[in-house]
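# Chains, contacts and geometry: an overview
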Amino acid sequence: MHGPGNDDGQDPKEKINYRATFGLLKGLILSEKRGFALASVWLLLSTALTLLTPIIAKYIIDTAIPARRTGLLLASVGALFLNSLLFLAFNYALRMSLVKTGQRIMAGLKKRMLAHMLSLDLPFYAEYPVGRLTARVQSDTSTLYELFTETTITIFRDILMFAVTFAVMFWFSPKLTLMLSAVFPVVIALSTVFLSRSTALFIAVRKLASEITGFLTEHVNAIALLQAFNREEMAAAKLEAVNRKKFETEMSAEMLMVIFFMSIVMISPVSIAIILGAGGRMALAGTLSIGTLVMFILYIDKLFEPVFRLSEHISIIQRAFTAGHRIQRILERRPAIADPPRPHFLRSIKEGIEFRNVWMRYADDGPWVLRDVSFTLPRGKSLAIVGETGGGKTTVTNLLFKFYAPQKGSILIDGTDISEISLSSLRRAIGLVQQDIYLFPGTIMQNLKLMDDSIPDSLVHDAIKTIGLEAFFRRHSLSKQIVEKGANLSAGEKQVISLVRAMTLNQDMLVLDEATSHIDPYTERTINAAMGRLLAQKTMIVVAHRLSTIRNAGEILLVSEGEVKERGTHDALLAKGGIYSRFYKLQFGEDAL
Ligand SMILES: Nc1ncnc2c1ncn2[C@@H]1O[C@H](COP(=O)(O)OP(=O)(O)OP(=O)(O)O)[C@@H](O)[C@H]1O
Ligand SMILES: [Mg+2]
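Remember, it's a predicted structure, so these values are computed and weren't measured experimentally. Note that residues are indexed from 1 along each chain, following the sequence as it is written. Going through the entries in the order they are written, you letter the chains from A and number the ligands from 1. Totals for whole chains, interfaces and linings use every residue, but because this is a predicted model, local features are given only for residues with pLDDT of at least 70 and side-chain atom pairs only at 80 or more, for both listing and counting.

### Some remarks on the overall build of the protein chain
When helices and strands are counted, the protein chain shows 19 helices and 12 strands. Note on method: radius of gyration uses C-alpha positions; expected globular size equals 2.2 Å times residues raised to 0.38. For the protein chain, whose C-alpha radius of gyration is 36 Å, the value lies well above the compact-globule estimate of 25 Å for 593 residues. Seen through its C-alpha atoms, the protein chain measures out along the principal axes to roughly 120 × 50 × 45 Å. Out of the 593 residues belonging to the protein chain, those deemed buried represent 28%. Intrachain contacts of the protein chain at a sequence separation of at least 6 include 79% that bridge at least 24 residues. For helices the rule is a DSSP run of H or I covering at least 4 residues; for strands it is a run of E covering at least 2, with both sets numbered from the N terminus onward. Residues with at least 20 neighbouring C-beta atoms inside 10 Å of their own are called buried, those with 12 or fewer are called exposed, and the rest are partly exposed, where every C-beta is derived from the backbone. Note on contacts: residues are paired as contacts if their backbone-placed C-beta atoms lie within 7 Å.

Here it is in C-alpha cells:
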C-alpha cells in the first residue's frame, strides 16, 4: 500500500536458504559455547528437580505413612520443600545465564550487521529502504533472541521432561501409561489444526502492525507537507482503516487461541478421569499402589505440556529461520564496488583526473544516464559542469567517488583506473559537498568535524577563515545544537556548514555539487571570492546552475541528456552562441553580454 518498505519485508515466494541460515545460527551459538554449556547444566538440574516431586509424594504415601513414622514423614516433607527451593535457585541461574548469553549474542550480531551495512554501497541502499533495514536490525534480532533464550531451552526441557516422565510412569505402571497414551493423538491433532489456522492470522497481524509503523513514519516525516495541503483528515482516515483491520484480525487470532486453550484445558480432567477410573480399579485389584496413583496425577501435566507446546515450538522455529534468513541475506551481501585484492593507495593527486568514454546507467534495463563522457582535469585546475536538471551532473560526481561503477569506459587518476584504487584512499583525497545535505544531531562544531572528535578545532577555524565566513559564524554560534536532519537550520545555512565541513579536511581536491544554490547573494559573494582564490590552487569540480559561480572555472562542460554537448572557457562558450550562451542570457539578460 505504501511501497515495498512497509510490509515486513518477507517475500512469500522467497525460499528460505536453510543451510546458510543454519550456518548463521550455529555460528552464533558456538560464539557463546560456554554460556550455553553452563545454561544446559542449570537446565538439567532444574528439570531433574521438578521431576522428583511426584516421586517424593509417592514415597510419602506408600512408605512413610504406612510405616507410621512421623520422623520419616517430616524428613520427606522437608526434602520436598528443599527440592522446591533448589529448583527456584537453579531456575534463576538458568534464566540469568541465558539472558546474559542471549544479550551478548545479540549485541555482537547488531554490531556485525551495522559494520557490514556501513561497508555496503548505494545500490544496496536503493534496494533496501531504511525502514526495512531498521526492522532487520531490531525485530529480526529480537526474534533470534527469543529463540536463543526461550525456545531452544524450552524445547530441550520439554523433550527431557517428556522422556523422563514417560519412562518413570512406564516403569511404575506400563498398562496405565499406555492407556493414557491414547490422549496424545487428540492433543497433537488439536494443536496442529490450531497452528495451521492461527499462523496465517498472526502473520497478517504482524504485517498490519509494520504497515502501521511504516504509515506513521512516512506521515510524521511529511507532517509539514500534509498540513500545508490540508491532508490531515485523509491521513487519519487511512490510518483508522488499517487500525480497524488489525483489530479485527487480532480479535480472530485471539479467539482461536482462547478456543484452543479451552480445549487443551479439558485434556487434563479427561486424563485424570482415566487415571482415577482405570488406575482406581487396578488399586482395588491390588496391582497399583495409592502412591503411584497420586504420582501419576502429579505427573500428568508434565507429560502433556511438552506435547501441546510442540506445535508452538515449530512455529517459533519457523519464524526464527525467516528472521535468520533475512539477516543472513544482508550479511552475505558483498558490496558491488569493493577494493581489488591489491588496491593502489592514492596518497595525493599528482597529475589529474580523466574520464575516458564513460557510459553509465543506474539499472541494467534503464536508460543511459551518461553517454560517452570524456574530459580531463589536470591537477590544480578547475572544471565546472552545467546543464539542465536531470542531465547527469551529479552522476559524474557519483562515479568519481565510486558510489557507482560505470558500465563502459574508465575513470583514471594519475593514469590509474579508479577501480584499482583503494576506496578509502580515494575518498580521503577528494572532498565532497553533496547536493542533498545531511547533518547529524549535535552541535555545528561537531558537524563541521563530521562527528570526529579527533579533529582539532583549529582546523575548523582555519577552514572558516579560508572561505572568509568569520562574520557568518559570529552570527551562528558553533555550539548551536542541530536537531535531526538539520531541521532547525535554513537551507542556505546547511549549505554553508557542508561547505566548511568539506574544507576542514583540506583535501587535494574538492567536488562541489550545487554548493551555493540556496545562499544569499552577499554570503555567496564572500564564498565566490574565496572560491576564486581556491580555484587557483586546488583541483576542483564545481556543479552549479548559477552561472555566476562558475565563470572563473578553467573549463566548463555543458552536460545535457547525459552527453557533453559543449566545452570550453566561459568566454569561448559565450562566443560560440550555443546552449551555454542561451542559458547565460536567460539568467542575466542580453545586456550581460
Ligand atoms: N540512484 C538513481 N537511480 C536511478 N536513476 C537515477 C538515480 N540518480 C539519478 N538518476 C537519474 O539519472 C539522471 C541524471 O541524474 P543526476 O542526478 O545526475 O542529474 P543532475 O544533472 O545532477 O540534475 P540536477 O541538476 O537536478 O541535480 C536523471 O534522469 C535521474 O532521474
Ligand atoms: Mg544533481
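Moving on from the coordinates now.
### Re the site of ligand 1
As a structural note, the neighbourhood of ligand 1 is formed by A126, Y362, V369, G387, T389, G390, G391, G392, K393, T394, T395 and Q435. With three residues, helix α11 (residues 393-400) is the single largest residue contributor to the shell around ligand 1. Grouping the amino acids of the shell around ligand 1 by side-chain chemistry returns three nonpolar, eight polar and one charged. We call a residue near a molecule or strand when its C-beta atom, built from the backbone, sits within 6 Å of it. Each residue gets one label: Ala, Val, Leu, Ile, Met, Phe, Trp, Tyr, Cys and Pro are nonpolar, Asp, Glu, Lys and Arg are charged, and the others, such as Gly, are polar.

### A closer look at the sheet that holds strand β6 (residues 430-433)
By the convention used here, strands pair only if DSSP detects at least 2 bridges between them. Here six strands make up an open sheet; going across it, the order is β6-β9-β10-β3-β11-β12 and the pairing mixed. A single partner strand is all that each edge strand has here, and the edge strands are β6 and β12 (563-568). Geometrically, the sheet is characterised by an average inter-axis angle of 15 degrees between neighbouring strands, direction not taken into account. The pairing of strand β3 (residues 382-386) with strand β11 (residues 555-560) spans four bridges and is parallel. When the sheet's bridge partners are listed, I385 is paired in β11 with L557. To get an axis, a line is fitted to the C-alpha atoms, and for a helix only the part in contact is used. The angle between two axes follows their N-to-C directions and goes from 0 to 180 degrees.

### Describing the sheet that holds strand β4 (residues 408-413)
Here four strands make up an open sheet; going across it, the order is β2-β1-β4-β5 and the pairing antiparallel. Only two strands of the sheet have a single partner each, and these edge strands are β2 (370-378) and β5 (416-417).

### With respect to the environment of V511
In this structure, V511 sits in strand β9 (residues 509-513). According to the C-beta neighbour criterion, V511 is buried, with 23 such atoms within 10 Å. Distance in space between the C-alpha atoms of V511 and M96 is 54 Å, their sequence separation being 415 residues. In this structure V511 touches T397, L400, I430, G431, L432 and I541, once residues within four positions along its chain are discounted.

### Here we look at the packing of helix α7 (residues 183-221) against helix α9 (residues 232-284)
In contact at an axis separation of 9 Å, α7 and α9 are set at 160 degrees when each is read in the N-to-C sense. Between α7 and α9, the crossing angle belongs to the class labelled roughly antiparallel. Note on packing geometry: the crossing formed by α7 with α9 is left-handed. Class assignment of the residues belonging to the contact of α7 with α9 gives a composition of 22 nonpolar, seven polar and five charged. For this classification, under 35 degrees means roughly parallel, over 145 means roughly antiparallel, 65 to 115 means roughly perpendicular, and everything else is oblique. Take the far helix as your reference; a near helix turned counterclockwise from it by less than a right angle gives a left-handed crossing, and one turned clockwise gives a right-handed crossing.

### Here we look at unusual backbone geometry
Residues other than glycine predominantly adopt negative phi, and peptide bonds predominantly adopt the trans conformation. Although it is not a glycine, D414 adopts a positive phi angle of roughly 50 degrees. With respect to the helices and strands, D414 occurs in the loop between β4 and β5. What makes D414 partly exposed here is the crowd of 15 C-beta atoms within 10 Å.

### Some thoughts on the environment of N528
Along the chain, N528 falls in helix α17 (residues 521-537). N528 sits 346 residues away from A182 along the chain, and the two C-alpha atoms are 89 Å apart.

### Topic: the domain arrangement of the protein chain
On domain assignment, one finds that the protein chain holds domain 1 (17-173 + 323-336), domain 2 (174-287) and domain 3 (352-592). Segmentation of the chain into domains, including their bounds, is taken from an automatic or database domain assignment. Measuring from the centre of the C-alpha atoms in domain 1 to the corresponding centre in domain 3 gives 55 Å.

### Some remarks on the nonpolar core
If you look at the biggest cluster of nonpolar residues, it comprises 64 residues, and the most contacted ones within it are I385, L499, V500 and I556. With six residues, helix α16 (residues 491-504) is the single largest residue contributor to this core. Setting aside chain neighbours within four positions, we find L499 in contact with V433, I467, A515 and I527. Core analysis: the second largest hydrophobic core is formed by 14 residues, L180, I275, F296 and I300 among them. Buried Ala, Val, Leu, Ile, Met, Phe, Trp, Tyr and Cys residues whose C-beta atoms connect them within 7 Å together make up a nonpolar core.

### Concerning α7
For α7, spanning 39 residues, the distance from its first C-alpha to its last is 56 Å, which sits close to the expected 57 Å at 1.5 Å a residue. Working definition for bend: take the seven residues up to and ending at a residue and the seven starting at it, fit an axis to each, and measure the angle between the axes. Residue S198 marks the point of greatest curvature in α7, where the axis turns by about 30 degrees. Here α7 has its buried residues at V187, S191, F194, S198, V205, L208, S210, E211 and G214. Looking at the buried residues of α7, the elements they touch are α5 (130-172), α9 and α10 (290-331). Under the convention used throughout, the expected extent of a helix is 1.5 Å for every residue step, that is, one less than its residue count.

### So, the pairing of β11
Across five bridges, β11 lies against β12 in antiparallel orientation. Bridged to L558 within β12 is E566.

### Quick word on the confidence of the model for the protein chain
A residue's pLDDT is simply how confident the predictor is in it, with values from 0 to 100. Looking at the protein chain as a whole, the pLDDT averages 87, with 97% of positions reaching at least 70. Throughout residues 1-9 the model reports pLDDT below 50, and contacts reaching past four residues in sequence, or to other chains, amount to 24 contacts.

### Here's the deal with the environment of L98
Assignment of secondary structure puts L98 in helix α3 (residues 70-119). Owing to 22 C-beta atoms within 10 Å, L98 belongs among the buried residues under this scheme. For L98 and R379, which are 281 residues apart along the polypeptide, the C-alpha to C-alpha distance reads 60 Å.

### Some points on the packing of α7 against α10
Where α7 contacts α10, the axes come no closer than 9 Å and their chain directions differ by 25 degrees. With respect to α10, the element α7 is oriented roughly parallel. Along this stretch, α7 crosses α10, giving a crossing that reads as right-handed. Contact with α7, carried on its side by F184, V187, I188, S191, T192, L195 and T199, involves F304, V307, F308, L310, S311 and S315 of α10 and no other residues of that element. Looking at the contact of α7 with α10, its residues break down into eight nonpolar, five polar and no charged.

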